[in-house]
Amino acid sequence: MSLIALKSVGHSFGGPKLLDGVDMGIARGERVCLLGRNGEGKSTLMRIIAGELRPDEGEIVRMGGLRIGQLSQDISASSTGTISEVVAASLSEFESGVYPDDYRVTTLLSRLGLPEEALVASLSSGMKRRVLLAQALVSEPDLLLLDEPTNHLDIEAIDKLEEYLSRYQGAVLFVTHDRAFLERLATRIVELDRGRIYPWDCDYKTFLERREQQWSAEARQVALFDKKLALEEAWIRQGIKARRTRNEGRVRALKSLREERSKRRTRQATAKIDIQEGEKSGAMVIEAKAVSFAYTDSKPIICELETKLYRGDKIGLIGPNGAGKTTLLKLLLGQLAPSSGTIRQGSNLQIAYFDQVKAMLDDEKTVQKNVSDYESIRINGQERHIIGYLQDFLFAPERARSLVKYLSGGERSRLLLAKLFTQPANVLVLDEPTNDLDLETLELLESLLVDFSGTVLVVSHDRSFVNNVATSTLVIGPDGRVKEYDGGYDDYLRQRLSQFSAGSNNTEKERVKDSSVKSEPEKPILTQPRRKLTNKEQRELEALPAMIEQQEKQLAELLLTMADPSFYRKDKSEITTLSSKVEALKANLAKAYERWDTLEAY
């Protein structure tokens, strides 16, 4: 049974219909991802489902007593106090007598990694985003609406959110540009394209393949239609000869074709982004030796950084919010002086910097004036009119003359890219470039960065983006130490787990062996003449290596499971059970090694 059903819903804001005969339903337990280009009407559809906006036409059928939760875009100015108080207040809108220590509030905050007593006013933008999520989730609504829920969240927070939503009992409708988030959570994909909804009951990879096939078929149909229309137009232009045929049916058919053609809505264009490459930099781009940094009288943010970047490197920079990623970028670019250590930059660097807060944009200027004060600009050695250049970034002429303060988040990101790529560069520094970009523009940016012959430094919490672009990854730990791993995010995870597993096994073996050696002098048998093993002891000795190997394998598998960050978000009983198994295996291994040493000593 559907929680909500939309039947022939239509809506517009004066121009072409954003929604044109939309039919869709959402059932309990579904996690539906809503895809579509920027400006297609995804947010409008979410507002209509939430009941904030009444559609111009159509019908909406809601289950009786349906409770809908929605992710707000900003913390309310009245949201003062601790995190637990603010989240409890959201729950109080549905129930009376809710206190900050309510088990639903404390359990949710624990799962999302939010400190209960922290003041909301003192939180970073990423932590405030988590509070907004907690406010939407705490009432456990039947239908949860999430518009770009991963924006400004670090990878740890995204992992926690994915884990929570994967076990959520209600239905979820979400919009996201994070492909890893989409692939893990979506049970169904629906696409909003030119006012219509297209359902896809498949995973994201299959969706891309099937959509491409659909577009190819559509292109062939359009070509055949246009050819037929052109032939009929040529016929009608014959004038008197055509009228003599008195083929009134053919004339009516032509009028029908013209009308059908006038109603055709073309698919939104894809951005035509092009990076202006500067002259080649030196082979060595940036070298950091024993670099540490701390603001006055505060804990060090970066500790003993050692790295060397070469021309052509594509470096992904990841770490929790507040770990110092932007600070590290500024150190490498020479915008901050290290507290200790040295940073050396190579020769002939032309740096283009995309900042995550988009401070380079002037809200009181037009889109056009933010890119250039002149009517024309030089791109890759050719003069181009500024309006034509902005159209490549999907800004229509009238939009190019509007003030930046009226742009959406996706439009601001595209504008900053347009401004950034007007200047030749051989080093691109991108701080959270993926926020608010639609998937097509995001994938285009990825391909451009991969093909870019210069050096790229990118800060991103988008795991797929880092996987597809980075040749190596710098990871900032909670202690400020930076470790480098080959490859992207998934490669980093594999290497980290491998190191953890190897380190755990080696430490355990050394501990057991040390324990055995220390106990040996105390064994009387070591001071006595060697004796022959009994048949039973001989069989026991022969069986010990296989038994130890099996137990070590079991221990390694359990340690790998416990190394996964998501493990500690499981139920307490499950964590306790697995921890007890690990301790029991360690004890058994210690006894086995000790027995092995004893039997071999005979």
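Structure shown above.
Residues numbered from 1 in each chain as written. Predicted model: local features only at pLDDT ≥ 70, side-chain atom pairs only at ≥ 80, totals over all residues. Heavy atoms only, no water.

Engineer: Looking at this structure, I do not really get the overall build of the protein chain. What am I missing?
Structural biologist: Within the protein chain one finds 19 helices and 20 strands. Going through the 602 residues of the protein chain one by one, you find that 47% of them count as buried. Taking all contacts inside the protein chain whose residues are at least 6 apart in sequence as the whole, residues at least 24 apart take part in 69%. A total of about 30,400 Å² of accessible surface is found on the protein chain, and carbon and sulfur atoms cover 49% of it. (Helix = DSSP H or I, 4+ residues; strand = E, 2+ residues; numbered from the N terminus. Buried < 20%, exposed > 50% of the residue type's maximum accessible area, 1.4 Å probe, protein only. Contact = heavy atoms within 4.5 Å. Areas by Shrake-Rupley, 256 points an atom, 1.4 Å probe, with all protein chains shown as cover.)

Engineer: What is the right way to look at the packing of helix H2 (residues 83–92) against helix H4 (residues 125–137) in this model?
Structural biologist: What describes two packed helices is the angle between their axes and the distance between those same axes. With their axes 8 Å apart at the nearest point, H2 and H4 run at an angle of 35° to one another. You can see that H2 and H4 cross each other, and the crossing is right-handed. Note on element contacts: H4 touches H2 through Val131, Ala134 and Gln135, opposite Ile83, Val86, Val87 and Ser90. Here the contact of H2 with H4 is composed, by residue class, of five nonpolar, two polar and no charged. (Axes fitted to C-alpha atoms, helices over the stretch in contact; angles between N-to-C directions. Left-handed = near helix turned anticlockwise from the far one by under 90°. Nonpolar A, V, L, I, M, F, W, Y, C, P; charged D, E, K, R; others polar.)

Engineer: I tried to follow the pairing of strand S20 (residues 482–486) on my own but got confused; where do I start?
Structural biologist: Side chains on a regular strand alternate between the two faces of the sheet. Pairing of strand S19 (residues 472–476) with S20 involves five bridges; the strand directions are antiparallel. Directly across from Ser472, in S20, lies its bridge partner Asp486. Hairpin remark: S19 followed by S20, antiparallel, with five residues in the connecting loop; positive phi at Gly480, about 85°. (Pairing = 2+ DSSP bridges.)

Engineer: What should I look at first to understand the packing of aromatic side chains in this one?
Structural biologist: Given two aromatic rings, one states the distance between the centres and the angle between the planes to describe the pair. Counting across every chain of the model gives eight aromatic pairs. With 6.1 Å between their ring centres and 35° between their planes, Tyr164 and Tyr168 make a pair best called tilted. Judged on exposure class, the residue Tyr164 and its partner Tyr168 are both buried. Taking the centre distance of 4.9 Å and the plane angle of 65° together, the rings of Tyr485 and Tyr492 count as edge-to-face. An identical accessibility class is assigned to Tyr485 and Tyr492; each is buried. An aromatic cluster of at least three residues, connected via ring pairs, comprises Trp200, Tyr204 and Phe207. Against the face of Phe395 rests Arg414, its NZ or CZ located 5.3 Å from the ring centre. (Phe/Tyr/Trp six-rings, centres within 6.5 Å; stacked < 30°, edge-to-face > 60°. Lys NZ or Arg CZ within 6 Å of the ring centre and 35° of its normal.)

Engineer: Just to check I follow, could you spell out the side chain of Glu287 for this structure?
Structural biologist: In this fold, Glu287 is placed in strand S10 (residues 284–293). Overall, Glu287 belongs to the buried group, its relative accessible area being 8%. Of note is the side chain of Glu287, whose polar atom sits 3.2 Å from the side chain of Lys308. Separated by 2.7 Å, the side chains of Glu287 and Arg344 make a polar contact. If we ignore the near neighbours within four places in the chain, the residues touching Glu287 are Thr307, Lys308, Thr342, Ile343 and Arg344. (Polar contact = N/O pair within 3.5 Å; in protein donor to acceptor, adjacent residues only side chain to side chain.)

Engineer: Got a minute to help me understand the pattern of salt bridges in this structure?
Structural biologist: Between side chains of opposite charge, a pair can form when the charged atoms approach closely. This structure, assessed with the given rule, holds 31 salt bridges. A salt bridge links Glu287 to Lys308; the shortest N-O distance between them is 3.2 Å. Within this pair, whereas Glu287 is found in strand S10, its partner Lys308 is found in strand S11 (residues 302–310), the two being separated by 21 residues in sequence. We classify Lys308 as partly exposed; its relative accessible area is 35%. The residue Glu364 makes a salt bridge to Lys405 at a minimum N-O spacing of 3.5 Å. Taken together, the residues Glu364 in the loop between strand S14 (351–354) and helix H11 (367–371) and Lys405 in the loop between helix H13 (397–400) and helix H14 (409–420) connect sequence positions 41 residues apart. (Salt bridge = Lys/Arg side-chain N within 4 Å of Asp/Glu carboxyl O.)

Engineer: Can you walk me through the sheet that holds strand S13 (residues 340–345) in this structure?
Structural biologist: Paired through their backbone hydrogen bonds, the strands of a sheet run either parallel or antiparallel. Taken together, three strands build an open sheet; the order of strands is S11-S10-S13 and the sheet is antiparallel. Looking at the sheet topology across the chains shown, the edges are occupied by S11 and S13. Averaged over all pairs of adjacent strands, the angle between their axes in this sheet comes to 10°, without regard to strand direction. Bridge count for S10 against S11 is six bridges, and the pairing is antiparallel. Bridged to Glu287 within S11 is Lys308. Its contacts with the sheet place helix H10 (residues 325–332) against S10, S11 and S13, and it is angled at close to 125° to S10.

Engineer: In this structure, what is going on with helix H3 (residues 103–111)? I would like to understand it.
Structural biologist: Think of an α-helix as 3.6 residues a turn; residues three or four steps apart then line up on the same face. Listed as buried for H3 are Val105, Leu108 and Leu109. Axial view of H3: buried residues confined to an arc of 100°, hence all on one face. Those residues of H3 that are exposed and angled more than 90 degrees off the buried face are Tyr103 and Ser110. As for H3, its buried residues are in contact with H2, H4 and helix H5 (155–166). By the N-cap criterion, in which a side-chain oxygen at the helix start approaches the backbone nitrogen of a residue two or three places on, H3 is capped by Asp102, the distance to Arg104 being 2.8 Å. The positive-phi residue at the C-terminal boundary of H3 is Gly113, with phi of around 70°. (Arc of directions from axis to C-beta.)

Engineer: What should I look at first to understand the environment of Gly41 in this one?
Structural biologist: Within the secondary structure, Gly41 sits in the loop between strand S3 (31–35) and helix H1 (42–50). Given the relative accessible area of 8%, Gly41 is considered buried. Separated by 24 residues in the primary sequence, Gly41 and Lys17 have C-alpha atoms spaced 9.2 Å apart. If we ignore the near neighbours within four places in the chain, the residues touching Gly41 are Leu18, Leu19 and Leu192.

Engineer: Whenever I open this one, the sheet that holds strand S7 (residues 171–175) confuses me. Can you help?
Structural biologist: Taken together, the six strands give an open sheet; going across it, the order is S5-S6-S7-S3-S8-S9, and neighbouring strands pair in mixed fashion. Single-partner strands in this sheet number two, and they are strand S5 (68–70) and strand S9 (196–200). Going across the sheet, the axis of each strand differs from the next one's by a mean of 20°, ignoring polarity. Relative to S7, S3 is paired through three bridges, and the arrangement is parallel. Paired with Arg31 across the bridge in S7 is Val172.

Engineer: Help me understand the environment of Arg264 in this model?
Structural biologist: Structurally, Arg264 can be placed in the loop between helix H9 (248–263) and S10. Using a relative accessible area of 26% as the deciding quantity, one classes Arg264 as partly exposed. Taking the C-alpha atoms as reference points, Arg264 and Arg194, separated by 70 residues in sequence, lie 9.7 Å from one another. With residues near it in sequence (within four places) discarded, Arg264 still touches Val222, Phe225 and Asp226.

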